[in-house]
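Structural overview
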Amino acid sequence: MERRKIRFGSAAIFLLLAAVLVFGQAPGSAWAQKRGGTLVVGLEADPGHFNLIVKPGTTVQVPAVNIYNKLITLDFALNPKPELAKSWEVKDNGKTLVFHLRKGVKFHDGKEMTSEDVKFSLEKCLPYNPRSRVFWKPVAEKVEAPDKYTIVVRLKKPFAPLLTVMGVIFGGPAIYPKHLWKDHVGSRKAFLNSPYSKKPVGTGPFMLKEYKKGSHVRLVRNPNYWNAPKPYADELVIRFVSDANTRLIALEKGEIDYLRAALIPWDQAARLKKNPKLVVLDKGGEATGQVEFMLLNMRRPITGNVKVRQAIAYALDKNQISQLATGGTAKVADGIMHSAMSWAHKGSFAQYKQDLKMANRLLDEAGYPMKGGKRFSLTVTWAKGRGFEGLAAEVIKQQLKKVGIDIKIESFDRAATLKKVYINHDFDIMMQFFTTGPDPKISVTRVYDRNNIGSANFNNAPSYINVGVQRLLDAEWQIVDVKKRGAAWRQIVDMVAADVPVIPLFETPFVHTHSAKWADVVTRPYCAYCTREDAYQK
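First, a word on scope: everything that follows refers to the structure included in this document. (Residues numbered from 1 in each chain as written. Predicted model: local features only at pLDDT ≥ 70, side-chain atom pairs only at ≥ 80, totals over all residues. Heavy atoms only, no water.)

A short note on the overall build of the protein
Definition in use: Per the convention used, a helix needs a DSSP run of H or I reaching at least four residues, while a strand needs a run of E reaching at least two, with both numbered from the N terminus. Both definitions apply: the radius of gyration is a C-alpha atom measure, and the globule rule equals 2.2 Å times residues to the power 0.38. The buried label goes to any residue with under 20% of its type's maximum accessible area, the exposed label to any with over 50%, and the partly exposed label to all in between, with areas taken from a 1.4 Å probe on protein chains only. Whether two residues touch is decided by their heavy atoms; if any such pair falls within 4.5 Å, the residues are in contact. None of His or the chain ends enter the tally, which takes Lys and Arg as positive and Asp and Glu as negative. Where a charge lies is defined by one atom per residue type, namely NZ (Lys), CZ (Arg), CG (Asp) and CD (Glu).
Within the protein, the secondary structure is distributed over 18 helices and 22 strands. What you see for the protein is a C-alpha radius of gyration of 23 Å, in line with the 24 Å of a compact globule of 538 residues. Seen through its C-alpha atoms, the protein measures out along the principal axes to roughly 75 × 55 × 40 Å. Scored against the burial criterion, the 538 residues of the protein give a buried share of 59%. Expressed as a percentage of contacts within the protein between residues at least 6 apart in sequence, the contacts between residues at least 24 apart total 71%. Separation of charge centres in the protein, based on 81 positive and 50 negative side chains, amounts to 2 Å.

As structure tokens, then:
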């Protein structure tokens, strides 16, 4: 990896550019922004806490990304940009990164953020994140704080996606105040029992004002935010609404100002675009690469049989599933990552076009003959709050009935579902919506890494183990050459497709929708996990 330097010229030039160019805004638009108002965001479930360290997830990340900052962020082209780090350098053929921190950044309690806080966050917090630990533990050697505003990260080996990883909240490090968290580290229990799991203190644009369980989170403007004059909104209210129809009605009535794409009934997208009171965006998901999957529990006797899993894949008509579950707005998925990551994507699951004859043959070979029109029963589990998953489950039930598989459908609130599947491993098939970008090491590896089988949310829930896949997963992150690294990932995709621990169904479309009264609600490529500091009322 070549030595990379990112530095700004004079402070005056930097301030001018920051004022005029705010993540792709048209020149001059920054001057029109005004302060005021309350932006209301809809969320499908109560997060229960704001702990990004050991129990991250969409419902936690949506409020937390507005409370905390990272060292760097990403633009829509997935290029790293400054956040708490004003510049950085990559040295020693990719084994050393030097970050130069902003001065005068304050935590919400008024204490200045320094390199000691960053060092603490990287050393004591990041290794416990179920996504981050997959890459951080094998690669990190040590973190140094040579002075108050400099951080040096030394790696055991080059890690190709490190800067990309650090630019997203779902895997990258949020920066925590050492003086508050230092006595609450060392185990999952210690992190979860910390009072700061529910009373977070960060450096972000908004501060926690009120958390009413089952109802909402109220965040207020951080008056000492380092990126002033942002945020523009006085308050950010995040309402918990589990019912999809109720959320949509609230959006159209103006009671909710923003819903991300996953919470928009996709069959309604065309109609919403005609509503002059709403703005439906075609951007904002570039970094997430979201895909809907079926996860198959390989610990169970039936779904642990590879021929059964292959038969299920052959029995499905994914075009019909996508059409009925998303109103035809979603693209059928044919790989374990979003096709937008073209350098690594391969459509290996395309081989499983619906073939009922093949599915029946495989089920016979697996030892489950048809008796009275039925072979066996399985349960499909999905979490309430994402109606499209329930619709997909119903279509899957009808399709698998044709090959003698009796499907029972169960649904629980999100917290109960995650516990049932990821902690207790008590499931046959789960409907799961995964991010797969901006780099597969962040959100793809964790699902297939044997070292990530355990009791943490969003881990290797299928309990999948493949020696060849593991060998490549252990090596690909050291490959700096993009073409060679992409070739390794395409081999991984082929092997996973042969084993079928998961079945990718469809790629979710970008239909993030907000009130036309607000502008710049989405200014990052990871919309669900995007800070709302740029949003302002027109």
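Picking up where we left off.
Regarding the packing of aromatic side chains
For clarity, the cut-off: A pair of aromatic rings is counted whenever rings of Phe, Tyr or Trp (Trp by its six-membered ring) have centres within 6.5 Å, and the orientation is called stacked for planes under 30 degrees apart, edge-to-face for over 60 and tilted otherwise.
Under the criterion given, the structure shown has 18 aromatic pairs. Summarising the aromatic geometry, the rings of Tyr211 and Phe240 are spaced 6.4 Å apart at their centres and angled 75° between planes, so their arrangement reads as edge-to-face. Here Tyr211 is found in strand 9 (residues 206-212), whereas its partner Phe240 is found in strand 11 (residues 235-240), with 29 residues between them in sequence. Residue Tyr211 is classed as partly exposed on the basis of its relative accessible area, which comes to 21%. The class for Phe240 is buried, based on a relative accessible area of 11%. Cluster of aromatic residues (ring-pair linked, three or more members): Tyr68, Tyr128, Tyr176, Trp181, Phe191 and Tyr196.

Observations regarding the pairing of strand 6 (residues 96-101)
Keep this limit in mind: Two strands are said to pair when DSSP picks up at least two bridges between them.
Counting buried positions along strand 6 gives 6 out of 6 residues, so the element sits mostly inside the fold. Of the two faces of strand 6, the one holding Thr96, Val98 and His100 and the one holding Leu97, Phe99 and Leu101 are both buried throughout. Here strand 5 (residues 85-91) pairs with strand 6 via 6 bridges, running antiparallel. Looking at strand 6, one finds that Ser87 is bridged to His100. Joining the antiparallel neighbours strand 5 and strand 6 is a turn of 4 residues, in which Asp92 adopts a positive phi near 55°. Across 5 bridges, strand 6 lies against strand 8 (residues 150-155) in antiparallel orientation. Residue pairing in the sheet places Val98 in a bridge with Val152 of strand 8.

Observations concerning the pattern of salt bridges
So the rule is basically this: Put simply, a salt bridge is a Lys or Arg side-chain nitrogen that is within 4 Å of an Asp or Glu carboxyl oxygen.
Applying the stated criterion across every chain yields a total of 29 salt bridges. Of the charged contacts in the structure, one is a salt bridge between Arg386 and Glu44, with a shortest N-O distance of 3.3 Å. In this pair, Arg386 is assigned in the loop between strand 16 (376-383) and helix 13 (387-401) and Glu44 in the loop between strand 2 (38-43) and helix 2 (58-64), connecting sequence segments 342 residues apart. By relative accessible area, Arg386 is classed as buried at 2%. Relative accessible area serves as the criterion here: at 2%, Glu44 is assigned to the buried category. Bridged by salt links that share partners, the residues Arg300, Glu410, Lys420, Asp426 and Asp428 form one connected network.

Thoughts on the sheet that holds strand 18 (residues 429-435)
Strands sit in the order 15-19-14-18-16-17 across an open sheet of 6 strands; the sheet is mixed. Two strands bound the open sheet, and with one partner strand each, they are strand 15 (331-332) and strand 17 (405-412). Bridge analysis of strand 16 against strand 18 gives 2 bridges, and the strand direction is parallel. Residue pairing in the sheet places Val380 in a bridge with Ile429 of strand 18.

So, empty space enclosed by the protein
What counts, and what does not: A pocket, in this scheme, is an open set of points on a 1 Å grid over the protein atoms alone with protein on both sides within 12 Å along at least 5 of 7 lines, while a cavity is a set where a 1.4 Å probe fits but cannot get out; residues line either one if an atom lies within 4 Å of a point. Grid points are joined across faces, edges and corners, and a volume is the space filled by probe spheres set on the points. Three residue categories are used. Nonpolar comprises Ala, Val, Leu, Ile, Met, Phe, Trp, Tyr, Cys and Pro, charged comprises Asp, Glu, Lys and Arg, and polar comprises the others, including Gly.
Following the criterion strictly, the structure yields 4 cavities of 30 Å³ or more and no others. Residue lining of the largest cavity: 16 residues in total, with Leu52, Asn129, Gly172, Ala174 and Tyr176 positioned closest to the centre. Counted by class, the lining of the largest cavity contains 10 nonpolar, 5 polar and 1 charged residues. Lining the second largest cavity are Gly57, Thr58, Arg131, Arg386, Arg414, Gln432, Phe433, Phe434, Thr435, Phe458 and Tyr529. Ranked by the residues each element gives to the lining of the second largest cavity, the list is headed by strand 18, at 4 residues. Here the residues of the lining of the second largest cavity are counted per class, giving 4 nonpolar, 4 polar and 3 charged.

Observations regarding helix 11 (residues 318-326)
Rule in force here: Working note: the arc is built from the helix axis to C-beta atom directions. Polar contact criterion, stated in full: a pair of N or O atoms within 3.5 Å, where within protein one must be able to donate a hydrogen and the other to accept it, and residues adjacent in sequence count only if both atoms are side-chain atoms.
Buried within helix 11 are the following residues: Lys318, Ile321, Ser322, Ala325 and Thr326. Buried residues of helix 11, viewed axially, fall in a sector of 95°; they line one side. Looking at the packing, one finds that the buried side of helix 11 touches strand 15, helix 13 and strand 19 (502-507). Of the residues flanking the start of helix 11, the one acting as N-cap is Asp317, its side-chain oxygen 3.2 Å from the backbone nitrogen of Asn319. One or two positions beyond helix 11, positive phi appears at Gly327, with a value near 70°.

So yeah, pure geometry; function would need other evidence.
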